[in-house]
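Chain by chain, the residues run as shown.
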Amino acid sequence: RHLRVTPRGNARMLAVQLIAFLVPFSSLAFVALQPNPPKWPESVKVFSPTNSTAAIEDAVNSAFKTNGGQKDHGQFSTYRYAFLFKPGSYEAQVPVGYYTQVLGLGSSPNDVKFTSEKGVYCEEGDYTFTVGALNTFWRAAENFHTSANYNWFGGYEGMLWAASQASPLRRIMVDEKLVLYQYYDDGSHPGAAGYSSGGFIADVKVNGSVSFGSQQQFFTRSCEFGAGDQAVWNTVHVGSSGVPKSHCGRTKTIPGSPMISIDSVPIVREKPFISVDSSGKYTLNVPEVRINSTGTSWASGSEKLDTRDFSKVYVTKPSDTADTINQMLFMGLDVVVSPGIYNLTDSLKVQKEDQVILGLGMATLVSSTGKPCIEVSDVDGVTIAGLMLGAGTVKSPSLLKWGTGNFKGDRANPGFIHDVFVRVGGTNDVNVNEVSTELMIDLQNGNIIGDNLWLWRADHDQSGQVYGGANPCSTGLNVDGDDVIMYGLFVEHTLKNLVTWNGERGRTYFYQSELPYDATTAYGTSGYASYVVNEDVKDHDAWGVGVYSYFRDYDVVVESGIKAPENLVERFWAPFTVFLNGTGSVKHIINEHGNAVTSQSQQWLCPDVPPVEGNCNKQQLDSCFPDDPTQPRCPTNIPVGKEAFCNPSTGGCAQGDRPAPAQDWCCYAYCPDGPAPTPSSPPSPSPSPSVPSPSPTSPHPSPPPSPSPGKCSDSDVESCKSFCSTDPSVLTGKPGYCNPQTSACSYGQRPGEDWCCYINC
């Protein structure tokens, strides 16, 4: 039977078709409305001031028992935790272990306050000082106020955060001091501060001082400190106040290594955060982009936020698949990834402008089918934050792929990557199965900003040390887009160039790297380096670029730690290399500039920086080991207080602390004319540790520190006055100097006009 269609029938059919077309979208809209408050999984605990202190401490201590404690307990745990605190005051003590995050739920850090003696804190993972906090990774604390005043050691009272990479602090108000290392006297090495290899803090205000102590390196951004010192080898401050000005160091008045302090942050948007109001409704807060900013985003009370109701935010369950999460992303929802491990069979696809994926509690995405964990399309304003990305047993091209290479991006609305930590290996046993990826992060588009990235090919796993290129990964970061910025970039152990940068106008503010421990000699002969800027690049700047070597298994010789077009060499500010341990060497810092590092030494390129070690001439060696064997050697029990030391076996010349091993170095009284040798070791934390040279029993060995200036006796001051009045033209080349007005005692180069020479220190 034929249907006769009239004009009215046409209209009816069109209406039916339109309804059929719209029904799926109406159902999608219905699905998109998420519950607020959200349904948090068991891995998230939300506390309010009505919870008892005992109940809170029971929960956090239970997590810490699983993921914390001594001997780095929980380092490769499969458990993840996020502790969320509603606005109010808390007397609980909150230790933070592996894969644990503590977050305040206020719109300002001052809305959530910890009033207990220790507050929120992180101790080093091993009290053995040569391990210390070297493996204290993967934890975080954000968005609260602490009045902690516990005396951790020697008058260092306040908040303790003795951690290394991938352990950021953000949006925190600290009333007392912030202590970033730990001094623990186990009786075997009294006076030794535990080694540490941090670190990153941003948007933090500290009324007291911040102490970096034994931290090998550290980066701060947008912070306000009452006072601050510096880390051992590399310290970069951007837009932070209360810190020393930039200097090249290596003098008596500034005994430490070079330090960089940049007045303002050129462009940044702080990491998104979650808040809850008095009615229990949750909000995802996305801060605005700030240009040429200084200090915290929140302390002035004028912070501008894009507030997003949680009815438009999907909170994942650890059992979610990639398909489930992608449906939510496709509908335009922001996604909060709950603590857990997600084995993804497909990439999470971000295709909407300004979309946010925010992880809690070190939520971990693992590539299980050889695809990137996350793919970002050609859109502006995307934020990926608070996630760990892991390689799987099927090799992937990368673990985070951003763009197609055909999108310039928008400088006014750049993409951001906050606190993303990529791991190739570690959780696996290479004797059973390997994991791999070609690249960790691949940035194809322009105008992307990284803000605390640690890209780690594991040097150790559950079975022990990793050898022979197992868990292969060629490169940590590849940048093809223009106008890409990195604030706090850490890359370690990949098997080819650690970083390759092909885009124009790239900027890196702080870079810490370690070349692969298990490299073969082919690594050097193939011309690989840590940080490589393509020879065609015309514009690139980098501040505080550090390259560390520990060639454990083979005598590897790397030509240069950094490679860049020759006309860009002067655009690298205070680059340096460090020989940690092992064999081999890095011959130059950048291209053919800078001296080689061998046998636990460091070299910087910085104006007016003399070498860490010089070469002693025969006269000096003779004064150290006189031809007359009846003349006594310099006693090995005098570690300091002499002008200099030399090593007859190597011809090495050093000043300050006696280098290790002490028996190989003896003192002599005269340094050559010209720039004086500088201390062979960086400045110490206080109390000053007196430690032997390190051996890399853990991933990040560190050198022994050197002493600070002493005080002159009355007789020294008088001899100084007398000597200077007799011969004021003698300005250098004498064993010491003193300042009669302050009675300060120094040595090496003359610190200033107020200092005059004297004979005996």
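Since we're looking at a predicted model, the values are computed, not measured.

This part is about the side chain of Asn326. Take Asn326: it is sitting in helix H3 (residues 322–330). On the basis of relative accessibility, which here comes to 14%, the residue Asn326 falls in the buried class. Leaving out residues up to four positions away in the same chain, Asn326 has contacts with Asp346, Ser347, Leu348 and Lys349.

Let's shift gears to the nonpolar core. Within soluble globular proteins, side chains that are nonpolar tend to cluster in buried spots. In this structure, Leu365, Ile374, Ile384, Leu389, Leu443, Leu477 and Tyr531 are the most contacted members of the largest nonpolar core, which totals 72 residues. Contact partners of Leu477, with chain neighbours within four places excluded, come to Ile441, Leu443, Leu455, Met486, Leu489, Leu498, Val499, Thr500 and Trp501. Core analysis: the next-biggest nonpolar cluster, separate from the first, contains 36 residues, Val102, Cys122, Leu169 and Val243 among them.

The next subject is the packing of aromatic side chains. In total, this model carries 41 aromatic pairs according to the counting rule given. Members of the aromatic cluster, connected to one another through ring pairs, are Phe47, Tyr81, Phe83, Phe85, Tyr90, Phe114 and Phe144. Above the ring of Phe330, the side-chain terminus of Lys352 is found at 5.1 Å from the ring centroid. Positioned over the ring face of Trp138 is Arg423, at 4.5 Å from the centre of the ring.

Moving on to the sheet that holds strand S21 (residues 282–287). Two orientations exist for strands paired in a sheet by backbone hydrogen bonds: parallel and antiparallel. Strand order across the open sheet formed by three strands is S20-S21-S23, with antiparallel pairing between neighbours. A single partner strand is all that each edge strand has here, and the edge strands are strand S20 (273–276) and strand S23 (305–309). Averaged over all adjacent pairs, the angle separating strand axes in this sheet is 35°, with direction ignored. With five bridges joining them, S21 and S23 adopt antiparallel strand pairing. Directly across from Leu284, in S23, lies its bridge partner Arg308.

By definition, a disulfide links two cysteine residues through a covalent bond between their sulfur atoms. Using the criterion set out here, one finds one disulfide in the structure. In this model Cys248 forms its disulfide with Cys606; the gap between the sulfur atoms is 2.0 Å. Its torsion about the S-S bond being -75°, the disulfide of Cys248 and Cys606 is classed as left-handed. Here the residue Cys248 occupies a position in the loop between strand S17 (234–238) and strand S18 (259–262), and Cys606 occupies one in the loop between strand S48 (602–604) and strand S49 (614–615), the gap between them amounting to 358 residues.

Attention now moves to the environment of Met440. If you trace the backbone, Met440 turns up in strand S34 (residues 439–443). Residue classification places Met440 among the buried positions, given a relative accessible area of 0%. Taking C-alpha positions, Met440 is 8.4 Å from Ala391, a pair spaced 49 residues apart along the chain.

Next up on the list: the pairing of S18. By the alternation rule, side chains of S18 split into Met259 and Ser261 and Ile260 and Ile262, which are all buried. Examined bridge by bridge, S17 and S18 share four bridges and lie parallel to one another. Counted as the bridge partner of His237 is Ser261 from S18.

Looking now at the pattern of salt bridges. The full count for this structure, using the stated rule, is 27 salt bridges. Put simply, Arg308 and Asp306 hold a salt bridge, and the shortest N to O gap is 3.0 Å. Exposure remark for Asp306: the relative accessible area of 36% places this residue in the partly exposed category. Measuring nitrogen to oxygen at the nearest pair gives 2.4 Å for the salt bridge that ties Asp539 to Arg571. Linking Asp539 in the loop between strand S42 (531–533) and strand S43 (540–551) with Arg571 in the loop between strand S44 (557–563) and strand S45 (572–573), this pair joins segments that are 32 residues apart in sequence. On the basis of relative accessibility, which here comes to 23%, the residue Arg571 falls in the partly exposed class.

What follows deals with the environment of Trp40. By the element assignment, Trp40 lies in the loop between helix H1 (7–32) and strand S1 (44–47). Overall, the relative accessible area of 18% leaves Trp40 in the buried class. Taking the C-alpha atoms as reference points, Trp40 and Thr316, 276 residues apart in sequence, are found 8.4 Å from one another.

About the criteria used
- Residues numbered from 1 in each chain as written.
- Predicted model: local features only at pLDDT ≥ 70, side-chain atom pairs only at ≥ 80, totals over all residues.
- Heavy atoms only, no water.
- Helix = DSSP H or I, 4+ residues; strand = E, 2+ residues; numbered from the N terminus.
- Buried < 20%, exposed > 50% of the residue type's maximum accessible area, 1.4 Å probe, protein only.
- Contact = heavy atoms within 4.5 Å.
- Core = buried A, V, L, I, M, F, W, Y, C linked by side-chain atoms within 4.5 Å.
- Phe/Tyr/Trp six-rings, centres within 6.5 Å; stacked < 30°, edge-to-face > 60°.
- Lys NZ or Arg CZ within 6 Å of the ring centre and 35° of its normal.
- Pairing = 2+ DSSP bridges.
- Axes fitted to C-alpha atoms, helices over the stretch in contact; angles between N-to-C directions.
- Disulfide = S-S within 2.5 Å.
- Salt bridge = Lys/Arg side-chain N within 4 Å of Asp/Glu carboxyl O.

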